Amino acid sequence: MEEKTDKELALDAALIESLAVHKEPGDRRRLSWYYAPSFLLLWLALFYAIVIPLYNKLPERVTISEESLRPGEFVAERAQSQLYVYDRIGPKVTGSYANEVTTVQFLLNETEKIRSQMRSDLYSLEVDVQSPTGGYVFIDMVNMYQGIHNVIVKLSSKSSKSESYLLLNSHFDSKPSSPGSGDDGTMVVVMLEVLRQMAISETPFEHPLVFLFNGAEENPLQGSHGFITQHEWARNCKAFINLEVGGSGGRDLLFQSGPNNPWLMKYYRQHAKHPFATTMAEEIFQSGILPSDSDFRNFRDFGNIPGLDIAQVSNGYVYHTVFDTFEAVPGRSIQNSGNNVLAMVRAYANASELNEEKGDDGHAVFFDFLGLFFVYYTETTGIVLNCLIGVISLVLVGCSLWRMSRQSEKVTLSQISIWFLIILGLHVVGFLLCLGLPLLMAVLFDAGDRSMTYFTSNWLVFGLYICPAVIGLVLPLTLYYTLKPNDKLSHPYHLQLSLHAHLVVQALLALILTAMGLRSQYLCLISMIFYAGALLINLVSTLHDRGYYWALIVMCLQVLPFCYFCYLFYMFLTIFFPVLGRNGYNTNPDLIIGLFCAICTFFALGFAVQFINMFRWPKLILLGLGVVTFIFCMIAVSEVGFPYRPKTNVMRASVLHTRRVFHEFDGSVSHSDSGYYFDYQDRRAFNPLKDTSLNLTGLQPVKNDCDNYVMCGIPCFYYSWCRWRQWAGWLPRESEVEIPGELTLQFLGKTILESGTTARYNFQQSGPPHMNVFIQPVGDAVVEDWSFVRDMLDNPAEFQPPYQVFFSYGTDDTPLSFHIDMFRADGKFDEPTLELASVGHYVSYEYPRDAEARKFVADFPDYVHVMEWPSIFKRYIF
């Protein structure tokens, strides 16, 4: 082999120089600063090139003409044709003719069509229209229902003797003004097509299938409670799949499972055609952060059966609005849901575990990886993995420190360990700044009445929250490296120490989350595995000690976790952006978005952004990110940051045109008025409407009356409205609101019980399909008993007056009869003892609105969706 000439050696040196590596004092070699923007933009490019396409990937729609060529497959076109008919029925409020009669008949007609196509030699099909009556405590209220309707279909194989049923559930009712084609019409037609496919299948299945189309989910959750507690088929249901929609379209997310019975997740992993799930979604949903609930709760709590909770989660901006129409539901989304549900029904309908009385104990850790495959393991396995990978990671860090001491002159292992501890401490500070700076931005924007600027312009979060998170994560170590340089250890080693520190923080975080019982610690596990793997490769291959060459391995192995974490948190942001438009006035929504962006930055870029210190002048790079944040702030406070847009990203307004009558103890009317009661849906309340044509003169906070009247003297609809009542608004109206019906509360008498310190007050209430009773003891009086379910009275630490009773009915308008037993130690029941409010809501459009109310609603800007109806509030003292 020939030796290189001086000319060849010079060319090699020029090649090294062309890589923009510069020699600096202290033997630190860094890339030129102008490569940093390209480095950062590379990760942004990966997000748009890989994450977004995979997140939005949907299967092609199967048409009716293709059915003969694709037997046994879900046919989205047929489901769409059914959805079109469902959509044209219009809003389907519980108690309305559209819901109780028209939609019920639609479902019965579609079921009979399926019966006509069914393989009658293989299957039997039974249909029942249930009309249950019952009640239970839901969150903060007694939730009562009477004569609502469920359409229930049971499909059984004639060859099977199994008494274990699989339950599928969706709901056909909708919110006022909304046709409900997304929520939950999409899943109604998915279930109809799955029923048809199972009924025409050549291959019989083992376990009978129960398809529950429940007619009172929005009330909330009354239909599922009526089925699971009263129907004869309910006792045989051993597992369920609950199908929901939190928007309109997109992929269907598995966001709850169990309780226990990890075999459900095993089957999902094996059979779901398009897996989309995460344990983190389950823990967030069950934490109560989201202002939503699902029928999963009733099947779990009252049926004691395990199941899956699945929902489409895209385009939540149209959720519960007039824009939730047939046109807003993509056919490919229906195909995606249909493929998944049909495959899982076929699997669960033949699962031997369905015959077992008791399933496996324990929760599952589960997630899909970019929609490409599904990962599932038990919670116990997760704990073992966390401990194992955490220990291995710490050992590898120790080996790395030892190698550094061997390769560095006049540097001992103890010295390097001390430097590492300093870097670790600074990185913990960086972690806190990573969380703190985005939260500070959220507080500042909220203080300036500029919250929710990202509501329509979602991309603003890059500058408002992600850039500050990156700055916070890197700043402490950048200042340390530049202000207190250490020439005894090479800069590549210093950079590795900063990445090692991030690994140690991840390991500690995994242990903390595991100790807290949170299964979302799998995020730390993913992060540790990929960096520890890169570190192992570098140690074995000696790249660890060859300048910056080790960085190539680290960055290559960071691509997959970066893509996954971006995919995961993009999903959460997609859910939360629209949700925060209906999360109430009392919380700062920017804190939630800022926190999600900060956590995403920590996991997705925690290792990668440390390479900012590989470039020259890293402080200048961070300053550049600060300039980006400033520019985005200027954009956010401009018209671009105005949250709302007509039709696509609407502001929500709940407006009840209300008449109030206040009766005193002697029966006289002390006050009577009319006005508009506003339940503010987001942080901005009605501030954006002050400069519009809408006349809000005289608008006042409801809290002014909270000490004077039960439930602040307003007709709050159900638990969330009443919980937020002190932040609501009241706009007086001069003319009396015309109430399109009668609300009657009859006092049937008072009976002093034997003790002499308890009196029973008997009442009968009649009125529209949605009514409330608010109960408030006066003075030292106590509600001792009542004819409603006792759960609230049995838990005084959890439930305090005023008590709310919510009552709705379908077609059975029999008056509500009830009694309340009041206790007074002095037995003076000839004095005021009980304050009670009777409330009626005329929700359906079958009840006319008066002309002034219609004009008032019409004056709202076109970017506001108004959910409104007449209501009456009558206060009594007994």
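Computed from a prediction, not measured in an experiment: that's the story for all the values here. (Residues numbered from 1 in each chain as written. Predicted model: local features only at pLDDT ≥ 70, side-chain atom pairs only at ≥ 80, totals over all residues. Heavy atoms only, no water.)

1. Quick word on the packing of aromatic side chains
This model, assessed by the stated rule, comprises 82 aromatic pairs. For K92, the ring lying beneath its charged end belongs to Y86, and the centroid distance is 3.8 Å. Stacked on the ring of W617, the Lys or Arg R616 has its end atom at 5.5 Å from the ring centre. (Phe/Tyr/Trp six-rings, centres within 6.5 Å; stacked < 30°, edge-to-face > 60°. Lys NZ or Arg CZ within 6 Å of the ring centre and 35° of its normal.)

2. Overview of the side chain of D368
Note that D368 resides in strand β12 (residues 364-369). There is a polar contact of 3.0 Å between the side chain of D368 and the backbone nitrogen of A277. Among the polar contacts made by the side chain of D368, one reaches the main-chain amide nitrogen of G371 at a distance of 2.8 Å. Ignoring anything within four residues of it in the chain, the contact list for D368 reads R251, P275, F276, A277, F373, F374, Y564 and Y567. (Helix = DSSP H or I, 4+ residues; strand = E, 2+ residues; numbered from the N terminus. Polar contact = N/O pair within 3.5 Å; in protein donor to acceptor, adjacent residues only side chain to side chain. Contact = heavy atoms within 4.5 Å.)

3. Quick word on the pattern of salt bridges
Evaluated as defined, the whole model comprises 36 salt bridges. Here R196 ties to E193 by a salt bridge, and the two come within 3.0 Å at their closest N and O atoms. One end of the pair is R196 and the other is E193, both in helix α5 (residues 181-199) and three residues apart, which spans about a single turn. Considered together, R196 and E193 belong to a single accessibility category, that of buried residues. Here R659 and E736 are joined by a salt bridge, their closest N and O atoms 3.3 Å apart. Of this pair, R659 sits in strand β14 (residues 651-663) while E736 sits in the loop between β17 (729-733) and β18 (744-752); the two residues are 77 residues apart in sequence, bridging distant segments of the chain. It is possible to trace a salt-bridge network through shared partners that takes in E67, R78, E193 and R196. (Salt bridge = Lys/Arg side-chain N within 4 Å of Asp/Glu carboxyl O. Buried < 20%, exposed > 50% of the residue type's maximum accessible area, 1.4 Å probe, protein only.)

4. Looking at the pairing of strand β7 (residues 165-171)
Counted residue by residue, β7 has seven buried out of seven residues, so it is predominantly covered. Of the two faces of β7, the one holding Y165, L167, N169 and H171 and the one holding L166, L168 and S170 are both buried throughout. In this sheet, strand β9 (residues 237-245) lies alongside β7 in parallel orientation, the contact comprising five bridges. Bridge pairing in β9 links Y165 to C237. Judged from the six bridges that link them, β7 and strand β8 (residues 209-214) form a sheet pairing that is parallel. Counted as the bridge partner of N169 is L212 from β8. A crossover connection joins β7 to the parallel β8 through α5; in handedness this β-α-β unit is right-handed. (Pairing = 2+ DSSP bridges. Right-handed = clockwise from strand over helix to strand, strands pointing away.)

5. Observations concerning the sheet that holds β18
Judged by pairing direction, the sheet is antiparallel, and its four strands sit side by side in the order β18-β19-β23-β21 without closing on themselves. Both outer strands of the open sheet, β18 and β21 (782-786), are each paired with one neighbouring strand and no more. With strand direction ignored, the average angle separating the axes of adjacent strands in the sheet is 25°. Two strands pair when backbone bridges link them, and β21 and strand β23 (residues 816-823) are joined in this way by four bridges, in the antiparallel orientation. Each residue of the ladder has a partner; that of D785, found in β23, is D821. (Axes fitted to C-alpha atoms, helices over the stretch in contact; angles between N-to-C directions.)

By themselves, these figures tell us nothing about what the structure is for.
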